[in-house]
Amino acid sequence: MLTPTEKAAVLIEALGWIRQFRDKVTVIKLGGSLLDDVDALRHLLIDIVFMETVGMRPVVVHGGGAAISRAMDVAGLTPRFIQGRRYTDDATRDIVEQVLAYETNEHIAERIEAFGGRAAPLNFRTTNVLWGERLRLDDEQGRPIDLGSVGSVTRVDRGTISNLCFAGTVPVIPSMCLSESGEKLNVNADTAATAVAQALGAEKLVYMSDVNGVRRHKDDPESLINSLTASQALALVREGVIEKGMIPKVEACIDTLDRGIRKVHIIDGRERHALLLEIYTNKGVGTEIVKDRP
């Protein structure tokens, strides 16, 4: 247990960061196993309420892969993935819409409000804020791949999101978009979060992961690297320090920095209050990746 003096020191350490990030937008991407972990999700949403209370402007963008797969299994549908993206036929799209855009989206907003915050679920039956088009990918021979109703974001309703932030309300955005013709499209949650962060000119984009960040030795959590520039991260990829599943995460972070976001964080959402520790302490608990200085 901390002594009263130690508790005061923690608050003073946080004070500088609270002042620095007051009125700044932070986009937080939720997904994967985190949404199935009731305890971890509770602590994370309390962190988000804290951020909004002390003057930051958190925006939540979420996926819902595991819940979608369970619902498909109940419906007797077999998930198909092509180049890491869920093939989305009409039946799958209907399930994605129900589970992701409504059930998960509204549950997150309701929980934020239960913890004393204010939240707005932004989905197709409330207010849609993501617009897009069908995603176009090619196979190894350069032939187009049919992904069904899978989209990429081309436009973000910045005004609606910003107005909610300024009013002290946390926008909660599912990773689906609407085409100009009215087609509902399933979007990769990382891609959706990047689009939102770019449109808002976010100070930070935080990827909540199931690892604590980039490690110098992948099986050793104690070898965490707290801060990297984009060029240092790419060098670690070339050296083989960053490998396998962490490579696309790091590449996505660097791509996000190229789109104007100032800092990108990878943290383990299962660690209690990891979001607050990463943002409001000097050392943090994850990895921040920043642009190289000119």
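Residues numbered from 1 in each chain as written. Predicted model: local features only at pLDDT ≥ 70, side-chain atom pairs only at ≥ 80, totals over all residues. Heavy atoms only, no water.

Student: Help me get a handle on the sheet that holds strand E9 (residues 151–156), residues and values and all.
Tutor: Spatially, the four strands line up as an open sheet ordered E9-E6-E11-E12, and their pairing is mixed. If you trace the sheet from one side to the other, it starts and ends with E9 and strand E12 (184–186), each paired once. The mean inter-strand angle of the sheet, taken between neighbouring strand axes irrespective of direction, is 50°. As defined by bridge partners, strand E6 (residues 130–134) adjoins E9 across five bridges and the pair is classed as antiparallel. Considered in E9, the bridge of leucine 130 is made with valine 156. Contacts between helix H6 (residues 189–200) and the sheet are confined to E6 and E9, with E9 contributing the most and set at about 15° to the helix. (Pairing = 2+ DSSP bridges. Helix = DSSP H or I, 4+ residues; strand = E, 2+ residues; numbered from the N terminus. Axes fitted to C-alpha atoms, helices over the stretch in contact; angles between N-to-C directions. Contact = heavy atoms within 4.5 Å.)

Student: Describe the side chain of asparagine 123, and please don't skip the residues or the numbers.
Tutor: The topology assignment puts asparagine 123 in the loop between strand E5 (119–121) and E6. A polar contact of 3.1 Å, which involves the side chain of asparagine 123, links it to the backbone oxygen of alanine 101. Ignoring anything within four residues of it in the chain, the contact list for asparagine 123 reads Ala101, Tyr102, Asn105, Glu106, Asn128 and Pro174. (Polar contact = N/O pair within 3.5 Å; in protein donor to acceptor, adjacent residues only side chain to side chain.)

Student: So what about the pattern of salt bridges? Which residues, and what values?
Tutor: Applying the stated rule across the entire model yields 13 salt bridges. Between aspartate 36 and arginine 70 there is a salt bridge, with its nearest N and O atoms 3.0 Å apart. Taken together, the residues span a long stretch of sequence, with aspartate 36 in the loop between strand E1 (25–30) and helix H2 (38–53) and arginine 70 in helix H3 (residues 65–74) at a distance of 34 residues. Owing to a relative accessible area of 38%, aspartate 36 belongs among the partly exposed residues under this scheme. Residue arginine 70 is classed as partly exposed on the basis of its relative accessible area of 45%. Across the pair arginine 270 and aspartate 268 runs a salt bridge, and its minimum N-O distance is 3.0 Å. What makes aspartate 268 buried here is its relative accessible area of 11%. (Salt bridge = Lys/Arg side-chain N within 4 Å of Asp/Glu carboxyl O. Buried < 20%, exposed > 50% of the residue type's maximum accessible area, 1.4 Å probe, protein only.)

Student: I'd like a rundown of unusual backbone geometry, residues and numbers included.
Tutor: Although it is not a glycine, aspartate 23 sits at a positive phi angle of roughly 70°. As for its position among the elements, aspartate 23 is in the loop between helix H1 (4–21) and E1. Located in the positive-phi region is histidine 273, a residue other than glycine, with phi close to 60°. By the secondary structure assignment, histidine 273 is in the loop between strand E15 (263–268) and helix H9 (274–280).

Student: Describe the side chain of asparagine 105, and please don't skip the residues or the numbers.
Tutor: Position of asparagine 105 among the secondary structure elements: in helix H4 (residues 90–114). A distance of 3.1 Å separates polar atoms of two side chains, one belonging to asparagine 105 and the other to asparagine 123. Residue contacts for asparagine 105: discarding those within four places in its chain leaves His62, Leu100, Pro121, Leu122, Asn123, Val172, Ile173 and Pro174.

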